[in-house]
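Residues per chain are reported as follows:
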Amino acid sequence: MRIAPPLLALVLSCSAYAADPAPAPPPPAPPLSPADAMKTFHVAPGLEVQQLFAEPTVRQPVFLNFDERGRMWVVQYLQYPYPAGLKAVSHDVFWRAIYDKPPLPPPHQYPAHDKISIFEDTDGDGVFEKEKTFVDGLSIATAVERGRGGVWVMNTPFLLFYPDKNNDDVPDGDPEVCLTGFGFEDTHSVANSLRWGPDGWLYGAQGSTVTSHVTAPGNPHQPATEMVGQGIWRYHPETHRFEVFAEGGGNTFGVELDEKGRIYSGYNGGDTHGFHYVQGAYLKKGFEKHGQLSNPYAYGYFPEMPHQKMARFTHNFIIYEGGALPGEYWGKLFGAQPIKRLVTLSDFEPEKSTFRTKELEPALTSDDPWFRPVDIKVGPDGAIYLCDWYDDQLAHYKAADGAFNGDTGRIYRLQGKGAPPAKPFDLGKLSSAELVGVLSHPNRWFRQTALRLLTDRHDATVVPQLLGLLKGEPGQLSTEALWALNASGGLDQPTALRLLQHPDPFVRLWTVRLMGDANKVTPEFNAAAARLAEHEENVEVRVQLACTAKRLPAEQDLSIVRAMLRRDADAADPRLPLLLWWAIESKAASDRDAVLALFSESPLWDTALVKGHLLDKIMRRYAQAGTRQDLLTCAKLLDLAPTNEHAKILAGGFETAFKGRAVSGLPKELVDALTKRHVASLALRLRQGEAGALAEGLRLADDPKGAKDARVEVLSILGDIRAPESEPVLLHVLETATEPALQKAALASLQAFDLPEIGAKTIARLPQLEGESRSAALVLLASREAWAGQLVAAVKAGKVDALLVPRDIAQRLAQHHDVAQLWPNLGQHPTTAQMTEKIAKFNQTLAAGAADPYHGHALYSGLCGACHTLFNEGGKIGPDLTPHPRTVDSLLLNIVNPSAEIREGYENFTIETKDGRTLAGFLAEKDQNVVVLRALDGQNVTLERSAIAKMEGSGVSLMPEGLLDAMSEQDVRDLFAYLRSTQPLPPRPKGR
């Protein structure tokens, strides 16, 4: 059984279940013989197509490229779709699987079938007659690239390096695991498309439906890097650094680098070719399916490249700069389009700081329904080479039907009519000086390969030669010379400072980028870059300045940003406003004083970029983070605002951040600042004690026709301001409201009062309360000794079922009352040995059968979702589970024995206040003035330190023990299937 090729099912995996019902398709046509398949092609004027390989020589080809001898390396993806030796214990409708164990790297891997083949044209007649296997037995291998004395293989979840110093195509030993942790839960979107960048980094793509936690064994000081879904990544072989170059895109397959070093990849989202990436950017994702951007404060992303007349997505594409096709094809976009079975041809034109495409007649079409081009490259001869997966089915969701063929595959060459074949050559035999001469070759492939060889050699003897080229006329050769100078170790500080004044804009651009890759520059270079930012006329250079600024320390970052903010024309650019925001936001938490200093310059407030793009975002960012320190920063921004017009823009950002959130607990400084600027809402006026606000607020709180969110906000504030007039309104809402949110807000605020009837009325209401409202009522009753006594009496009298009172509340009741008969064994906990035995038992349960993550999601919502967030869904009482690796071992330990490893910040604290309350929860925040306690009902209680009589940690987790004990074995498996998901579940299709 086989399913769709990597990143091929892309569209159907996004839209198959949203499509209208269609008639049953006719039986599939059989595959054509290689000779008959050739008769089905239609080729654009001046071009011809040749078939180089077919099955059984090549099967399931997914990637190809060429080495310095002109030999073709092909990855045959024969293990697809299932990693060897692993068992899928659950999967969702897009076939994202959870496996029973992790794979092992070669040579310890389970027996597998993927292989990497080398094909050579030894006599220059255009026929690759010699074949050899470099390595086989791989599992989920998607790409291969030579360099640095060996061969790099993307063998998910590993990036492997096979040393081969003598170039005999036989590995010198076992491969080195250079990176590990790439996601493989969906093998049609794993890491792919290795490609050397002109900066000496190895670039790759990652598809949309996997999540990676990448570590570099050679760099133990670099923490794991999470990569959720699609994007472009890179790895530096010498420093062992791994980075997400840019986040987002489609089901990213392919890495194209044009002659200026720009990066692109294909897209599976519909009518467009794909994305143009820049360093450190966020690009569009399929958010519902693939999760949100990793930065919750990005506040925007770059869309796909604008397009015209695109019939369907392009899987992978190249910008043709090969020098051998007829002249009308130079600079055009050629795209592999597997759904429509064609190679697209498009105009490719600048659009301010990015590009747009316009569809032309296809370069190649086929009438064969099995023709599926998936990879496209330019070869040393200037021809275009195609991997044809060759299968009649691409629908990823049909995997379970076994509707896929796995024994076919073709490779084609698209070239100018009558083009002569390339004669045998070996760039590796050229001297370094001769390789510098290749940098002016008309075919980009030769230039990029010569640069890769120079990077491998790191030969300083060519530095004078390269510096001489940089003194020549501006143009492509100057950019190539700069890249080679960096590769040869000649890009030092004095040279870089001179090159910032170079007449070629791409020399200036790449000087900024290369120097910024170290994440810090000298003060002299920083000052020169800031001067360049102020006067640079080329928009792409300004884009790179903003990208590099984000990477630098705050002082260097913001000096460049400050210069760029004065350029009003850039407010209309599709990219620069967001790039500048991301550069500022990257320092918002770590260097807030420096960010505030940027806004202390009043002339900047009236620039088009600041006023139109940044003011609302900076206020929203701090308000959304919402810690006391962040909210105090909001107050400082309001104080800095030169006019009320600017303050209104800031207030708009604040309101956006707090939409649906209660403003109770805001620092007095922020309330004062908003009030002084006359931009305060009713909630803020209530907190300020403005005349008439209390009466207005009480009317709204008790109005059953009032907006629920507004009523909740006011109810929450009434407990903070403690006006005696509030008590009867709060009790009335408690007795009459049916909305849980209103009940919770009233109960939380009633804690601030101490009348006995509050306890009595809460107990009377308790049988009608459910879920979080009941939890809030029990938290209230346990907070004062008198109310706790009323609850104990009610349980003894049979008015309240003892089973309704959770263990943590019962323990708090026991602090002041005798409850031994009501809750025996209250102080007893399972021993470590008992918990270890439980964990072993649940491990056996989890291994005993398949699981349904959709049912697990429902279980999670009822069992865990009130306290924990997973994929932006759930409560915020306990830790957010999303960013943490959720292995079986870690989940079992934390659920069965929650107090074994209490995450910092989530220890249970007990606070006794001077007004007689006893509160429990974890410390959400604290400073020298206030403590913010978050209780099990999810409510925050802000306490002045002067009001606290006693505060101590319990050493016990807030999470109760025994959560799994009452569940069936199947429920346990289903819950863990969801908890171990790496991305949000898509909707379950109807009928499944």
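Residues numbered from 1 in each chain as written. Predicted model: local features only at pLDDT ≥ 70, side-chain atom pairs only at ≥ 80, totals over all residues. Heavy atoms only, no water.

Peer 1: Can you walk me through the packing of aromatic side chains in this structure?
Peer 2: Two aromatic rings, taken as a pair, are described by how far apart their centres are and by the angle between their planes. The tally for this structure, following the rule as stated, stands at 39 aromatic pairs. Taken together, a centroid distance of 5.5 Å and an interplanar angle of 40° make the contact between Trp370 and Tyr390 tilted. Of the two residues, Trp370 is situated in the loop between β26 (364–366) and β27 (373–378) and Tyr390 in the loop between β28 (384–388) and β29 (410–416); the sequence distance between them amounts to 20 residues. Residue classification places Tyr390 among the buried positions, given a relative accessible area of 0%. An aromatic cluster is present here, built from Trp152, Phe161, Trp196 and Tyr235 joined pairwise through their rings. The ring of Trp201 is capped by Arg234, whose NZ or CZ atom sits 3.7 Å from the centre of that ring. Here the basic side chain of Arg410 rests over the ring of Tyr390, its NZ or CZ set 3.8 Å away from the ring centre. (Phe/Tyr/Trp six-rings, centres within 6.5 Å; stacked < 30°, edge-to-face > 60°. Helix = DSSP H or I, 4+ residues; strand = E, 2+ residues; numbered from the N terminus. Buried < 20%, exposed > 50% of the residue type's maximum accessible area, 1.4 Å probe, protein only. Lys NZ or Arg CZ within 6 Å of the ring centre and 35° of its normal.)

Peer 1: How should the confidence of the model for the protein be read in this particular structure?
Peer 2: Parts of the prediction with low pLDDT should not have their coordinates interpreted in detail. Predicted confidence across the protein gives a mean pLDDT of 88, with 90% of residues reaching 70 or more. Note on residues 1–25: pLDDT is under 50 here. Beyond four places in sequence and across chains, it has 81 contacts. Of the regions scoring below 50 in pLDDT, residues 397–401 engages in 14 contacts with residues more than four places distant in sequence or in other chains. (pLDDT = per-residue confidence, 0-100. Contact = heavy atoms within 4.5 Å.)

Peer 1: Sorry, what's going on with empty space enclosed by the protein here?
Peer 2: Empty space among the atoms becomes apparent when a probe as large as a water molecule is rolled across them. Here the structure, examined in full by the defined rule, presents 8 cavities of 30 Å³ or more. Taken together, 30 residues make up the lining of the largest cavity; nearest its centre are Glu145, Arg195, Trp445, Gln448 and Thr449. Listed by contribution, the elements that provide at least two residues to the lining of the largest cavity are β3 (61–66), β13 (192–196), β27, α5 (444–457) and α7 (476–487). Considering each element in turn, the lining of the largest cavity owes the most residues, 7 residues, to α5. By residue class, the composition of the lining of the largest cavity is 10 nonpolar, 9 polar and 11 charged. Approximately 170 Å³ is the volume found for the second largest cavity. Around the second largest cavity, the lining is made up of 18 residues, and of these Arg262, Val278, Leu509, Glu540 and Gln544 lie nearest the centre. Where the lining of the second largest cavity is concerned, the elements lending two or more residues are β21 (274–277), α9 (505–516) and α11 (539–551). Here the residues of the lining of the second largest cavity sort into 9 nonpolar, 5 polar and 4 charged. (1 Å grid on protein atoms, 1.4 Å probe; cavity = no way out; pocket = protein on both sides within 12 Å on 5 of 7 lines; lining within 4 Å. Points joined across faces, edges and corners; volume = space filled by probe spheres on them. Nonpolar A, V, L, I, M, F, W, Y, C, P; charged D, E, K, R; others polar.)

Peer 1: In this structure, what is going on with the sheet that holds strand β18 (residues 241–247)? I would like to understand it.
Peer 2: Sheet strands associate in pairs through backbone hydrogen bonding, adopting either a parallel or an antiparallel arrangement. Pairing is antiparallel in the open sheet, where 4 strands are placed in the order β13-β14-β17-β18. A strand with exactly one partner marks an edge of an open sheet, and here the two such strands are β13 and β18. Averaged over all adjacent pairs, the angle separating strand axes in this sheet is 25°, with direction ignored. Relative to β18, strand β17 (residues 231–236) runs antiparallel, the two being bridged by 6 bridges. Among the inter-strand pairings, Arg234 is bridged to a residue of β18, identified as Glu243. (Pairing = 2+ DSSP bridges. Axes fitted to C-alpha atoms, helices over the stretch in contact; angles between N-to-C directions.)

Peer 1: What is the right way to read the nonpolar core from this model?
Peer 2: As a rule of thumb, nonpolar side chains are buried together in soluble globular proteins. The biggest cluster of nonpolar side chains holds 227 residues, and the ones touching the most others in it are Met72, Leu159, Trp233, Phe654 and Leu813. Membership of the second largest hydrophobic core comes to 24 residues, among which are Met835, Leu881, Leu891 and Ile895. (Core = buried A, V, L, I, M, F, W, Y, C linked by side-chain atoms within 4.5 Å.)

Peer 1: Teacher, can you tell me more about the environment of Leu863 here?
Peer 2: Relative to the elements of secondary structure, Leu863 occurs in helix α29 (residues 853–863). Exposure remark for Leu863: the relative accessible area of 33% places this residue in the partly exposed category. When the C-alpha positions of Leu863 and Val62 are compared, they lie 44 Å apart, and in sequence the two are 801 residues distant. Apart from the residues within four sequence positions on either side, Leu863 is in contact with Leu963, Met967 and Leu975.

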